[in-house]
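A closer look at the structure
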Amino acid sequence: AVIYRQDDWGLTASRSFVDAARDLGAQVVINEAIVDGTRDFRPLITRLHSANVDVIYVALFYFDAAVFAQQARQAGLNLPVVTNSSLNNPELIALGADAVEGFYVPTNYFPGDPDPAVQTFLKAYRERWNGEPDQFAAIAYDSIAVIAEAIRTILEGGEPLTRRAVRDALYA
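What comes next concerns the included structure. (Residues numbered from 1 in each chain as written. Predicted model: local features only at pLDDT ≥ 70, side-chain atom pairs only at ≥ 80, totals over all residues. Heavy atoms only, no water.)

Let us now look at the overall build of the chain. Within the chain, the secondary structure is distributed over seven helices and four strands. In the chain, the order of α-helices and β-strands from amino to carboxyl end is β-α-β-α-β-α-β-α-α-α-α. Relative to its length of 172 residues, the chain is extended, with a C-alpha radius of gyration of 21 Å against a globular reference of 16 Å. Seen through its principal axes, the chain has C-alpha atoms that stretch 65 × 35 × 30 Å. The 172 residues of the chain split such that 33% are buried. (Helix = DSSP H or I, 4+ residues; strand = E, 2+ residues; numbered from the N terminus. Rg over C-alpha atoms; globule rule 2.2 N^0.38 Å. Buried < 20%, exposed > 50% of the residue type's maximum accessible area, 1.4 Å probe, protein only.)

Here it is as structure tokens:
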């Protein structure tokens, strides 16, 4: 089953997952859009029970995902839940508590990575912002580093710094 936000991002996430699942031979029996701020997931949970689904893919943001998880657990729906990186946020755990235990949440950033680049980022972020960075802060940090390296390459090569030069350096 697929549960996704009823917006462009959610639709894209749903389509991507459904296409990949079908390419792998999986059958998606429920593909349901959820309006942001939904508070009553019981009708959907009843349909999930009736459809005998094996796994649920959730493409929601953490507030809605936490509410869904709590109601699903209360209804006895204890299925594996796979998500996308949008739920890689401490707020999911804070809001969902035990109901989100066992969610499969991918990440492109792990603060426990011993890589010196990660630890340098963590130290700088903590000193500057007096808090813990999330994945989006890490992605922004890496993005700026890539752009800075492209600009450095242009300047060291003696070329004029233009938008086109930056674009070309990024693609090189």
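Moving on, there is more to tell.
Here we come to the nonpolar core. Within the largest apolar cluster, 25 residues are counted, with the highest numbers of intra-cluster contacts made by I3, L44, L48, I56, V58 and F68. When residues of this core are traced back to their parent elements, those giving at least two are α2 (42-51), β3 (56-59) and α3 (62-74). Once residues lying within four places of it in the same chain are set aside, the contact partners of L48 are A1, I3, I30, V53, I56, F68 and L77. (Core = buried A, V, L, I, M, F, W, Y, C linked by side-chain atoms within 4.5 Å. Contact = heavy atoms within 4.5 Å.)

As a packed pair, α2 and α3 sit with axes 10 Å apart at the nearest point and diverge in direction by 55°. The angle between α2 and α3 places the two elements in the oblique class. Relative to α3, α2 is oriented so that their crossing is right-handed. Contacts from R42, L44, I45 and L48 of α2 reach α3 at F68, Q71 and A72. Looking at the contact of α2 with α3, its residues break down into five nonpolar, one polar and one charged. (Axes fitted to C-alpha atoms, helices over the stretch in contact; angles between N-to-C directions. Parallel < 35°, antiparallel > 145°, perpendicular 65-115°, else oblique. Left-handed = near helix turned anticlockwise from the far one by under 90°. Nonpolar A, V, L, I, M, F, W, Y, C, P; charged D, E, K, R; others polar.)

Time to look at the sheet that holds strand β4 (residues 81-83). Sheets are built from strands that pair by backbone hydrogen bonding, the pairs being arranged parallel or antiparallel. Within the open sheet, the four strands sit side by side as β2-β1-β3-β4. Their pairing is parallel. Edge positions in the open sheet fall to β2 (31-34) and β4, since each of these has one partner strand only. For this sheet, the mean inter-axis angle between neighbouring strands, taken without regard to orientation, is 20°. Bridge count between strand β1 (residues 2-5) and β3: three bridges; the pairing is parallel. Bridging across to β3, Y4 finds its partner in A59. In the packing of α2 onto the sheet, the strands contacted are β1, β2 and β3, and the crossing angle to β2 comes to about 170°. (Pairing = 2+ DSSP bridges.)

Considering the arrangement of structural elements, one finds S85 in the loop between β4 and α4 (90-96). What makes S85 partly exposed here is its relative accessible area of 27%. Separated by 22 residues in sequence, S85 and T107 have C-alpha atoms that sit 5.5 Å apart. Look past the residues within four positions of S85 in its chain and what remains in contact with it is P106 and Q135.

Taken together, the side chains of I144, V146, I147 and L170 make up a nonpolar region of the molecular surface, amounting to roughly 350 Å² of accessible area. The greatest single-element share of the nonpolar patch, amounting to three residues, is contributed by helix α6 (residues 135-156). Structurally, the position occupied by I144 is in helix α6. In this structure I144 comes out as exposed when scored by relative accessible area, which is 58%. (Patch = residues over 30% accessible without salt bridge, like charges linked within 9 Å, V, L, I, M, F, W, Y side chains within 5 Å. Areas by Shrake-Rupley, 256 points an atom, 1.4 Å probe, with all protein chains shown as cover. Salt bridge = Lys/Arg side-chain N within 4 Å of Asp/Glu carboxyl O.)

With that settled, consider the layout of surface pockets. Size it by volume and the largest pocket reaches roughly 420 Å³. As for the largest pocket, its lining consists of 21 residues, of which L87, N88, N89, P90 and I93 are closest to the centre. At three residues, α4 tops the list of elements feeding residues into the lining of the largest pocket. Residues belonging to the lining of the largest pocket are distributed by class as follows: 13 nonpolar, five polar and three charged. (1 Å grid on protein atoms, 1.4 Å probe; cavity = no way out; pocket = protein on both sides within 12 Å on 5 of 7 lines; lining within 4 Å. Points joined across faces, edges and corners; volume = space filled by probe spheres on them.)

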